[in-house]
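Structure assessment
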Amino acid sequence: MELGRYSIGIGDRFAHQGCAQLAALIRAAEQGVTVTPVWNKSHREHRIIGSSPVSVRAEADAAVRETGWPGPYFVDADHIHLGNVDAFIASSDFFTLDVAEAIGQAAEPDSIETFAAAMNSFTGTLYIEGLAEPLAVTEDSIRVIARRFLAAVQQAGRIYRHIAERKGSEDFITEVSMDETETPQSPGELLFILAALAREGVPARTIAPKFTGRFNKGVDYDGDVKRFSREFNDDLAIIRFAVAQFNLPADLKLSVHSGSDKFSLYGPIRRALTRHQAGVHLKTAGTTWLEELIGLALAGRDGVQIAREIYRRALDRYEELCAPYATVIDIDTDRLPPAEAVDRWDGPTFAAALRHDRACPSFNPHLRQLLHLSYRIAAEMGPQFLAALDKHADAIAPHVTENLYDRHIRPLFLDV
Ligand SMILES: [Zn+2]
């Protein structure tokens, strides 16, 4: 199973835009860059929408058939753990093992000592090609890292073996994610996490660390771009070194769980990938539903009415909608327009406030973040919302395709 050098998380809340998303990848292929599509939907998303993992496989297969997408594609069980993976096993061939919760949990003292002893040859000053500064490693610093991360790595091993057993095969892509935690992992920590994964027998093809800075949902990066850039470069150097040193898949690459739309990072990421001749997996699925809202708003009276209605209900349920996302949003409620004002907006005004165009003075990142979380309301509207998506499919699709191609694929994979 080949993920390829570049891959991107796609898929959408309501399983309507598979073809429109593939159209963007087909356009990229015509420009000479192959990006492998990976449909992803988390357990939480399924619960909120009321969908099941098998529906994602059905959407992916149908979209590939319909568009004639010639390359590989995958269905990712996103952010799964032992408690919820079983429902994904039959339909997925890509598993994101989320072990962030186990970070900091105590591993057996014996396993920490065994690991530290096995890593003995990596103590001292490590000059790793491409790393900004040499790494100073002591036996104690390895123990500190093991105490923090070994339990998480062992948990990844348990989930991996569980999937392989149930599937009766090891023929799937394994991602290990540690991004949903407060503290970023340093490049030195990443090195020993990878070493531990290799020893645990987890054939990780992608690894998603927590990067420095805030990755708020649906809006741009909030942090120190220079620091991110240095960290990202260092991580690429570490991965290359780790692949050569340990028994890890040769195509292991970073996975960036972007929370969508980290536009100011695309340039630095692209330059780093070029410098290190490396690949990347980008997860950025969640904003296709906002393009559906933009398409609906521009499609006509009934479309913009639905968009305004969703915003009104989202304002009413602000606390409830935002609570589960508190650490990944940054909404200033004073900047949210009142529902009465939005009720007077026409379609283009609504679309301009929502569309992620930083150059547009009407763009409102607060409204955008709130609507990003409000797919629960559209799910509750049920048939009414889905009928509108069907009715206005032709008006919506170009927004989905252009958003993915112009704002993501081009700056990240094509622009020089
Ligand atoms: Zn994530």
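Quantities reported herein were computed from a predicted structural model and do not represent experimental measurements.

Some points on the pairing of strand β4 (residues 94-98)
Taken across its five residues, β4 has five buried, putting it largely inside the fold. Sheet analysis places β4 next to strand β7 (residues 173-177), joined by five bridges and oriented parallel. Among the inter-strand pairings, Asp98 is bridged to a residue of β7, identified as Ser177.

Observations regarding the domain arrangement of the protein
Partitioning the protein into structural domains gives domain 1 (6-287 + 405-414) and domain 2 (289-398). The centre of domain 1, based on its C-alpha atoms, is set 29 Å off from the matching centre of domain 2. With 21 residues of domain 1 at the interface, the matching set in domain 2 holds 20 residues. Residues that form the side of domain 1 that touches domain 2 fall into these classes: six nonpolar, seven polar and eight charged.

Here we look at the nonpolar core
Membership of the largest hydrophobic core comes to 124 residues, with the highest contact counts inside it found for Ala156 and Leu197. Looking at this core element by element, the count peaks at twelve residues for helix α5 (residues 139-167). Residues from two domains meet in this core; each of domain 1 (6-287 + 405-414) and domain 2 (289-398) gives at least three. In this view, Leu197 contacts Val153, Ala156, Val176, Val202 and Ala204; residues no more than four positions away in its chain are not counted.

Considerations on the environment of Asp261
With respect to the element layout, Asp261 can be found in the loop between β9 (253-257) and α8 (263-276). A residue is classified by how many C-beta atoms lie within 10 Å of it, and Asp261, with 27 of them, is buried. The sequence separation of Asp261 and Thr284 amounts to 23 residues, and the corresponding C-alpha distance is 7.1 Å. The contact partners of Asp261, leaving out residues within four places of it in the chain, are Gly218, Val219, Asp220, Thr287 and His356.

Considering the sheet that holds β4
Pairing is parallel around the closed barrel formed by eight strands, whose spatial order is β1-β2-β3-β4-β7-β8-β9-β10. Taking each pair of neighbouring strands and ignoring which way they run, the sheet shows an average axis angle of 25°.

Details of unusual backbone geometry
Even without glycine at this site, Ala15 takes up a positive phi of about 55°. By the element assignment, Ala15 lies in the loop between β1 (6-10) and α1 (18-30). Its identity as a non-glycine residue notwithstanding, Gln277 has a phi of 50°, on the positive side. Tracing the sequence through the fold places Gln277 in the loop between α8 and β10 (280-283).

Some remarks on helix α7 (residues 225-245)
Here α7 contains 21 residues, and its C-alpha end-to-end distance of 30 Å stays within 8% of the 30 Å for a straight helix at 1.5 Å per residue. Buried residues of α7: Phe228, Glu231, Phe232, Asn233, Asp234, Asp235, Leu236, Ala237, Ile238, Ile239, Phe241 and Ala242, and no others.

Let's talk about the packing of α1 against helix α3 (residues 53-67)
Relative placement of two packed helices is described by the angle separating their axes and the distance separating the axes. Packing of α1 against α3 brings their axes to within 9 Å, and their N-to-C directions diverge by 55°. Taken as axis vectors, α1 and α3 run oblique relative to one another. Crossing geometry of α1 relative to α3 is assigned as right-handed. Of α3, the residues touching α1 (which contributes Gly18, Cys19, Leu22, Ala23 and Ile26) are Glu59, Ala60, Ala62, Ala63, Glu66 and Thr67. Taken together, the residues of the contact of α1 with α3 sort by class into seven nonpolar, two polar and two charged.

Regarding the environment of Gly124
By the element assignment, Gly124 lies in strand β5 (residues 124-126). Overall, Gly124 belongs to the exposed group, with 12 C-beta atoms counted inside 10 Å. C-alpha of Gly124 to C-alpha of Glu402: the two residues are 278 residues apart in sequence and 50 Å apart in space.

Considering helix α10 (residues 301-316)
Over its 16 residues, α10 runs 23 Å from end to end, which matches the ideal 22 Å to within 8%, given 1.5 Å per residue. Regarding α10, the residues found buried are Gly303, Val304, Ile306, Ala307, Ile310, Tyr311 and Ala314. Taken down its axis, α10 places every buried residue within 155° of arc, on the same side. Residues of α10 that are exposed and point more than 90 degrees away from the buried face comprise Arg301 and Asp316.

Observations concerning the pairing of β9
When you tally the buried positions in β9, you get five out of five residues, the bulk of the element. Both strand β8 (residues 206-208) and β9 contribute to a ladder of two bridges, which runs parallel. Opposite Thr206, over in β9, you have Lys253 as the bridge partner. Running through α7, the crossover from β8 to the neighbouring parallel element β9 is right-handed. Across four bridges, the pairing between β9 and β10 is parallel. Within the sheet, the bridge partner assigned to His257 lies in β10 and is Lys283. Since β9 and β10 lie parallel, the crossover through α8 that links them has a hand, and here it is right-handed.

About the criteria used
- Residues numbered from 1 in each chain as written.
- Predicted model: local features only at pLDDT ≥ 70, side-chain atom pairs only at ≥ 80, totals over all residues.
- Buried ≥ 20, exposed ≤ 12 C-beta atoms within 10 Å, placed from the backbone.
- Helix = DSSP H or I, 4+ residues; strand = E, 2+ residues; numbered from the N terminus.
- Pairing = 2+ DSSP bridges.
- Domains from an automatic or database assignment.
- Contact = placed C-beta atoms within 7 Å.
- Nonpolar A, V, L, I, M, F, W, Y, C, P; charged D, E, K, R; others polar.
- Core = buried A, V, L, I, M, F, W, Y, C linked by C-beta atoms within 7 Å.
- Axes fitted to C-alpha atoms, helices over the stretch in contact; angles between N-to-C directions.
- Expected span 1.5 Å × (residues − 1).
- Parallel < 35°, antiparallel > 145°, perpendicular 65-115°, else oblique.
- Left-handed = near helix turned anticlockwise from the far one by under 90°.
- Arc of directions from axis to C-beta.
- Right-handed = clockwise from strand over helix to strand, strands pointing away.

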